[in-house]
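# Fold and geometry: a report
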Amino acid sequence: MSFKRLRAEPENGGERKKQLKREVAELNPSLLEAKERVSEAWSRGFEYSEEQGLLVSCQPFTHCVIPGFIQSQLFLTGLQNELLQLNFHEKSNDLYKFKQSDDLRRRKEYHISALRKILYEDFRKWLSDISGVKLESTVDISCAQYEYTDVLLCHDDELEGRRIAFILYLVPEWQASDGGTLDLYDADDHYQPQKITKSLTPSWNTLVFFEVSPVSHHQVSEVLVEGKCRLSVSGWFYGPALERPPRYIESFSPRMPHITCDEEILYEWINPIYMNMTTQADIQEQFEEKSEILLKNFFRKEKFQMVCEALSDPKIKWKRRGPANKRCYDQAEEDGLPDILAKCMKLFCSEATFLLLSNFTGLKLHFLAASGDDNREEDGQQDELEISGGNEHACSSTGKDEKSDSTHPEGNKTGGVTIETTEKATRGDSPPKPGVPVCCGELRQWKNGYYTLIHDTNVENTEFALDLLFSCGCEGWDEEFGGVTSYIAKAEDEELLTLCPEDNALALIYRDKETLKFVKHVNQRSITQFNRKHKERGFWDFSFMYYE
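In this report, we go over the structure that sits alongside the text. (Residues numbered from 1 in each chain as written. Predicted model: local features only at pLDDT ≥ 70, side-chain atom pairs only at ≥ 80, totals over all residues. Heavy atoms only, no water.)

Attention now goes to the side chain of D157. Summarising the element assignment, D157 is placed in the loop between strand 7 (151–155) and strand 8 (162–169). At 3.0 Å, the side chain of D157 and the side chain of W236 are in polar contact. Every residue in contact with D157, bar those within four places of it in the chain, is listed here: R162, A165, F210, V212, H218 and W236. (Helix = DSSP H or I, 4+ residues; strand = E, 2+ residues; numbered from the N terminus. Polar contact = N/O pair within 3.5 Å; in protein donor to acceptor, adjacent residues only side chain to side chain. Contact = heavy atoms within 4.5 Å.)

Tracing the backbone shows L119 in helix 6 (residues 110–131). The buried category is assigned to L119, whose relative accessible area is 2%. Residues L119 and I141, spaced 22 residues apart in sequence, show a C-alpha to C-alpha distance of 9.5 Å. Once you skip the residues sitting within four places of it in the chain, L119 turns out to touch F69, R124, I141, F166, L207 and F237. (Buried < 20%, exposed > 50% of the residue type's maximum accessible area, 1.4 Å probe, protein only.)

Counted as a void, the second largest pocket has a volume near 940 Å³. Secondary-structure elements contributing two or more residues to the lining of the second largest pocket are strand 16 (327–332), helix 10 (339–349), strand 18 (438–446), strand 20 (465–472), strand 21 (485–489), strand 24 (515–519) and strand 25 (539–547). When residues in the lining of the second largest pocket are grouped by element, the largest group, 5 residues, is from strand 18. By residue class, the composition of the lining of the second largest pocket is 18 nonpolar, 12 polar and 14 charged. (1 Å grid on protein atoms, 1.4 Å probe; cavity = no way out; pocket = protein on both sides within 12 Å on 5 of 7 lines; lining within 4 Å. Points joined across faces, edges and corners; volume = space filled by probe spheres on them. Nonpolar A, V, L, I, M, F, W, Y, C, P; charged D, E, K, R; others polar.)

Okay, empty space enclosed by the protein next. Under the definition given, this model contains 3 cavities of 30 Å³ or more. Approximately 50 Å³ is the volume attributed to the largest cavity. In terms of lining, the largest cavity is formed by L266, I270, F298, L347, F348, T353, L356, L357, L468 and L506. Listed by contribution, the elements that provide at least two residues to the lining of the largest cavity are helix 10 and helix 11 (351–361).

Quick look at the nonpolar core now. Counting 50 residues, the largest nonpolar core has F298, F299, L341, F348, F470, F542 and Y546 as its most contacted members. Among the nonpolar cores identified, the runner-up in size contains 46 residues, and V133, C143, F166 and L168 belong to it. (Core = buried A, V, L, I, M, F, W, Y, C linked by side-chain atoms within 4.5 Å.)

With respect to the secondary-structure elements, R163 resides in strand 8. One polar contact links the side chain of R163 to the main-chain carbonyl oxygen of P240, over a distance of 2.8 Å. If we skip the residues at most four places from it in the chain, R163 touches V133, L135, F210, E211, V212, F237, Y238, G239, P240 and L242.

Running from N to C, helix 5 (residues 73–84) and helix 6 cross one another at 115°; their axes reach a closest spacing of 8 Å. As summarised for this structure, helix 5 and helix 6 are arranged roughly perpendicular, according to the angle between their axes. In this structure, the crossing between helix 5 and helix 6 has a hand that is left-handed. The segment helix 5 lies against helix 6, with F75, G78, L79, E82 and L83 engaging Y110, H111, I112, A114 and L115. (Axes fitted to C-alpha atoms, helices over the stretch in contact; angles between N-to-C directions. Parallel < 35°, antiparallel > 145°, perpendicular 65-115°, else oblique. Left-handed = near helix turned anticlockwise from the far one by under 90°.)

The strand order across the open sheet formed by 3 strands is 22-21-24, and the pairing between neighbours is antiparallel. With partners counted over all chains shown, the strands left at the sheet margins are strand 22 (495–499) and strand 24, one partner each. Adjacent strand axes in the sheet meet at a mean angle of 20° when their direction is disregarded. Relative to strand 22, strand 21 runs antiparallel, the two being bridged by 4 bridges. Considered in strand 22, the bridge of Y487 is made with L497. (Pairing = 2+ DSSP bridges.)

This paragraph deals with the packing of helix 10 against helix 11. Look at helix 10 against helix 11: their axes get within 5 Å of each other, and the N-to-C directions meet at 50°. One way to sum up the angle between helix 10 and helix 11 is to call them oblique. Contacts between helix 10 and helix 11 involve L347, F348 and C349 on the former and, on the latter, E351, T353 and F354. Split into classes, the residues belonging to the contact of helix 10 with helix 11 amount to 4 nonpolar, 1 polar and 1 charged.

The tally for this structure, following the rule as stated, stands at 24 salt bridges. Put simply, D129 and K125 hold a salt bridge, and the shortest N to O gap is 3.3 Å. Placement of the pair is D129 and K125 together in helix 6, with a separation of 4 residues, close to one helical turn. With relative accessibility at 36%, the residue D129 sits in the partly exposed group. Measuring nitrogen to oxygen at the nearest pair gives 2.8 Å for the salt bridge that ties R320 to D330. Linking R320 in strand 15 (residues 318–321) with D330 in strand 16, this pair joins segments that are 10 residues apart in sequence. (Salt bridge = Lys/Arg side-chain N within 4 Å of Asp/Glu carboxyl O.)

Laid out in structure tokens, this is it:
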């Protein structure tokens, strides 16, 4: 029976009463029968299951699966139709991409109101009894649609007062191969997610609920099938707030001063256009205005080709970076890198590069860096140069002017990249002295399923920094594949800057303490459209951060 027929006026009042009676939403009576057994399993932390599919498990954290949650199939069909007629909003940030309705707490549609009554009254009482938690009458509830490439990445749902999370699925026939599974992670001693230990495939009229805790890490895996809608109603029950352990804070990435080396390394690697002093002054002027710039065709063509070929070497050891609530990508181990890649890593850490970046940005990354008051080199012809200023928004709210007043030791001013005097800074385990410019960096590989997330314990966001990104193997990459680096202002959703991977282009971004960054989830389109030509290898980038 369609939704319109259910809402049509009957010929007489008696017939209408019969229709509504057939649609009354009731909990599956087997829940009441199993209440004591479920309560015992929940409180004692052991697994319990029934032939009908009801399951209680404490692995990897306490959760329960209830098939056949609502007794009336006719009611469920009406509910599904009402939900699909709601206005849905596109939701997209570092953590998720899907469509969500407004809060359902005040919706007046018959089936939505009836479901809300079940959840707020009968089910809340049942849930409160089996969990031993006095749940409040206030319940968050909304509807979500996940379609092709939509995803909700690893998180724990923790928020003040949230005690039980729930999801009711109203999906068509669904297989695990369609994606959209509810994946549950186990946790380490620091309450950080380690690996997925259980995946729950959504099914019609199945409700899953779990206890919200520091270890309730879960995700909705990417929907991999086109033409299907993963429709669900979800939310949280609230109760007395629990004392939570302190958030685990990661240590700083290892930082080092520059590596002393001859400036000839720049002439071997860098496009000669960028070695021109007038060009460098023009780049600095653009950078100081916008706090970011993209320098195309940065490496010499032959060097870039050698780097790209070496990146496909199967001997490279890649290590998965986690934890999943912060990041997921492959990092190359520096030991054993092909020679050309080792030299490329050395280039980005070299004294010559520190000085070159100083000339590009006006930052004081080397004691020979030219001050902002130095006169430009007037002589010489500027070569043809392709420079992109990128997004009109600056990533720094302070700009660069205050950074360009640096003075230099007498006789050591330079507008180019000739190093006549060097500091004997070496790589070592001891921390650099205060005021000594340092950097940290890595070689990363990006494939379907990889991403980074914004998180409130990221110590790297506590300082001003110059970000450097140099991508390889991404010719033909499209922004819709994901893998895009986005910058946003803290506590805001609007993107200040979006960087799509581009071959042989050096991106420089000055980031202040109020600017956050993340790499968007690399989705299934990267396999079906990009990797079809590129043998499913994704792309790579060199990612470095420099500190004055």
